[in-house]
Every structure is written in C-alpha cells, then in structure tokens.
Amino acid sequence: MTLRRLTSALRRHVSTRSKGQSLVELALILPVFMLFFAAILDLGRIAAAQVAVANAAREGAFQAARTPTDFTSASGCPAGGLTNVVFCRIKLESSGGVAISPSDVSVSCSPIDCSAGIGNTVSVVVNGHFQLLTPLMSVFFGGAQNVTISASSVHNIETLPVSGAGPGPTPSDSPSPSPSDSASPSPSPSVVVCEKPSAGFTFTQSPANKKAPQTVTFTDTSTTRLGCAIDGWSWQSSDGWVSDQQVPGPHTYIVPGTYEVTLTVHNAIGFTSTGAIQILVK
C-alpha cells in the first residue's frame, strides 16, 4: 500500500515537472523562432528587391535607347511624366520596398554625345535602397540595416533608317526605233530593293532544369532579301555580355534571374532590326 502511494506521488511530481519544463522551454525558444522567421522573411524580401532593381534598370535602358538625353538627376518625375522620362520609367518599375531617387540613377552613352548610329550604346545604372526588418541578415551586408542593391543594363541607341537610299540613276534617252525595226524591245532588268532585315534567333540551355549555372548557346535565324545580305550582328545580354559574331560562343549565367538578350542586325544600306527574348535562370 505504501509502495503504491510512493509511486503515485512520484508520477504526480514527474507530470507537474514536465509541464513546467515545457513552458520554460517554449518561453526560451519562441523569441529565437520569431527572429528566425523574420530572417527568412527578410531573405525573400531581398530577392524580390533584387528583381525589382534589375527590372528598373532594364526599363530605364529601354527608354534611354529612345531618349538618351532626357534624364536629369536634379529632379524627380513630374506630373504627367512629360520630362525626365528615363527616371519616370525607372520609378514606375521600382517596387518591393525599394527606394530609388534621381541621384541613384546614372546614364552614360558611347559615344559620349549620345548620338544615334550603328553600335552606339547607352548604359543605365540604378542603385536601390532597401531596409531590412531584422539585424540578423545585416551581418551579411557589413552590419548595415539599409542595404544598397545595384543593377545595370546596356542597350543600343535607337537608330532609325534613313528615308530613301538616294536618287536612283537617271535613265539615258534611248533612240526611237525606226519603222524598219522589227525586233521587240529587250525587257528591263529587275531592280533589287533592299528592305529592313528581320532579326531573330533561337537558344538552348544546359542543363535542362534551368538551374544556375546555365550555359546558353545562341543560333542566328535572321532573314533579309536576296541581294541585300546581312553584314553585321550585335548581341547583348542584360548581364553585360556582348558579341559581334554571327555565331557567338556559349555564354554562362552564374546568378539566378531573368535575363534579356537582344540581337541587332545590319545590312548593306544601314537598316537594322532588333529581336529580344527572355532567359530564365533558376
């Protein structure tokens, strides 16, 4: 009987101690768990911010390709967006808690006068500011809560074809046939008319799961009229890769993201046409 009482008392003691111990452990681990959860949330926000800044730089380069001189770092985007249109397009694209001011954007051209021409480019660099929620992730950014994320994009300055290729040759006066001529006139030779070429390309990714690092091989499929051959190719990727070969070598993407690749082709009379495609690297 005494043994049963001792056993029951011991069980009650162990049961009471386990509940109290669980509460203490929960109180100790809950702040750590909440901090860990906030750090995971910050990691996702950083990834979204990087995509937002990259998209903003790409959109700014698209606009700068058309209006490379319509940018100033001294003012923001006015109502209606009729001026400073490069920054306006960047501002519209920025999201994900990223702050971008006009002083965070730089636009540069090659050549420096931003003139239109085959091979002339414009570069847009965007620095976005992002505020971390917790100090846990700040150790990876030098201890700073305010993180700066940079992205750049390069595009060809838009070059429109010149209207007309110059006056054609003046036909010489042919003598009027005499009444005795019985031969029919020879047919006039056909004139080859150059038109704007059509840029196009295909690509293959390796490995097939699209995970970084990705090696991409490009194949030119551009077309033009017979007798007006394409004589120039300009490949560009939003990560800074460029090539002037018809068959460029394979290019490897190390960092996951969405990259835009453009191809500009050129024919004998200077017409160009640009094709663009998106490449996803997981």
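Here the structure is shown first, and the text comes after it.
As the structure is a computational prediction, the values presented were derived from the model and not from experiment. (Residues numbered from 1 in each chain as written. Predicted model: local features only at pLDDT ≥ 70, side-chain atom pairs only at ≥ 80, totals over all residues. Heavy atoms only, no water.)

A separate point is the environment of isoleucine 279. With respect to the element layout, isoleucine 279 can be found in strand β10 (residues 272-281). The exposure class assigned to isoleucine 279 is buried, which follows from its relative accessible area of 0%. (Helix = DSSP H or I, 4+ residues; strand = E, 2+ residues; numbered from the N terminus. Buried < 20%, exposed > 50% of the residue type's maximum accessible area, 1.4 Å probe, protein only.)

Turning next to empty space enclosed by the protein. Throughout the structure, instances matching the rule amount to one cavity of 30 Å³ or more. As a volume, the largest cavity reaches approximately 40 Å³. If you trace the largest cavity, you find it lined by Arg58, Ser153, Val154, His155, Gln236, Ser237, Ser238, Glu260 and Thr262. Among the elements of the structure, β3 (146-156), β6 (230-237) and β9 (257-267) are those that each provide at least two residues to the lining of the largest cavity. Take the lining of the largest cavity: its biggest share by element is three residues, from β3. Taken together, the residues of the lining of the largest cavity sort by class into one nonpolar, six polar and two charged. (1 Å grid on protein atoms, 1.4 Å probe; cavity = no way out; pocket = protein on both sides within 12 Å on 5 of 7 lines; lining within 4 Å. Points joined across faces, edges and corners; volume = space filled by probe spheres on them. Nonpolar A, V, L, I, M, F, W, Y, C, P; charged D, E, K, R; others polar.)

Turning to the packing of aromatic side chains, a few remarks are in order. To describe a pair of aromatic rings, one takes the distance between the centres and the angle between the planes. All chains considered together, the criterion is met by five aromatic pairs. On the basis of an interplanar angle of 35° and a centroid distance of 4.5 Å, the ring pair of tyrosine 253 and tyrosine 259 is categorised as tilted. Across this residue pair, the class does not change: tyrosine 253 and tyrosine 259 are buried. Of the aromatic side chains, those joined through ring pairs into one cluster are Phe201, Phe218, Trp235 and Trp241. (Phe/Tyr/Trp six-rings, centres within 6.5 Å; stacked < 30°, edge-to-face > 60°.)

Here the structure, examined in full by the defined rule, presents two salt bridges. Here arginine 89 and glutamate 59 are joined by a salt bridge, their closest N and O atoms 2.9 Å apart. Here the residue arginine 89 occupies a position in helix α2 (residues 85-93), and glutamate 59 occupies one in helix α1 (residues 2-66), the gap between them amounting to 30 residues. For glutamate 59, a relative accessible area of 15% puts it in the buried group. (Salt bridge = Lys/Arg side-chain N within 4 Å of Asp/Glu carboxyl O.)

A few words on the sheet that holds strand β2 (residues 121-131). In any sheet, the strands associate via hydrogen bonds between backbone groups, in a parallel or an antiparallel arrangement. Strand order in the open sheet formed by three strands is β1-β2-β3, with antiparallel pairing between adjacent strands. Only two strands of the sheet have a single partner each, and these edge strands are β1 (105-110) and β3. In this sheet, adjacent strand axes meet at a mean angle of 15° when their direction is disregarded. Pairing analysis gives six bridges linking β1 to β2, with the strands arranged antiparallel. Paired with serine 106 across the strands is valine 125, a residue of β2. (Pairing = 2+ DSSP bridges. Axes fitted to C-alpha atoms, helices over the stretch in contact; angles between N-to-C directions.)

Put plainly, two cysteines are in a disulfide when a covalent bond ties their sulfur atoms together. Following the criterion strictly, the structure yields two disulfides and no others. Paired through a disulfide, cysteine 77 and cysteine 88 show a sulfur-sulfur distance of 2.1 Å. On the sign convention where negative is left-handed, the bridge of cysteine 77 and cysteine 88, at about 105° about the S-S bond, is right-handed. Of this pair, cysteine 77 sits in the loop between α1 and α2 while cysteine 88 sits in helix α2; the two residues are eleven residues apart in sequence, bridging distant segments of the chain. Take cysteine 88: its relative accessible area is 6%, and that puts it in the buried class. Covalently, cysteine 109 is tied to cysteine 114 through a disulfide, its sulfur atoms 2.0 Å apart. Disulfide cysteine 109 to cysteine 114: torsion about the S-S bond roughly 90°, handedness right-handed. (Disulfide = S-S within 2.5 Å.)

A few words on unusual backbone geometry. The amide bond that connects serine 110 to the next residue, proline 111, takes the cis arrangement and shows omega of 5°. That bond from serine 206 to proline 207 is cis: its omega, 5°, falls within 30 degrees of zero. Although it is not a glycine, asparagine 84 adopts a positive phi angle of roughly 50°. Following the sequence through the fold, asparagine 84 ends up in the loop between α1 and α2. On the accessibility criterion, asparagine 84 (3% relative accessible area) is buried. Phi at lysine 210 takes a positive value of approximately 65°, unusual for a residue other than glycine.

With that out of the way, let us pick up the sheet that holds strand β7 (residues 242-243). If you trace the four strands from one edge of the open sheet to the other, you get β7-β6-β9-β10, paired in antiparallel fashion. Looking at the sheet topology across the chains shown, the edges are occupied by β7 and β10. Examined bridge by bridge, β6 and β9 share seven bridges and lie antiparallel to one another. Bridge pairing links glycine 232 to histidine 266 in β9.

Below, the discussion takes up the environment of aspartate 42. With respect to the helices and strands, the residue aspartate 42 is situated in helix α1. Overall, aspartate 42 belongs to the buried group, its relative accessible area being 0%. Separated by 93 residues in sequence, aspartate 42 and proline 135 place their C-alpha atoms 9.9 Å apart. In this structure aspartate 42 touches Leu132, Leu133, Thr134 and Met137, once residues within four positions along its chain are discounted. (Contact = heavy atoms within 4.5 Å.)

Shape is all these values report; function is a separate question.
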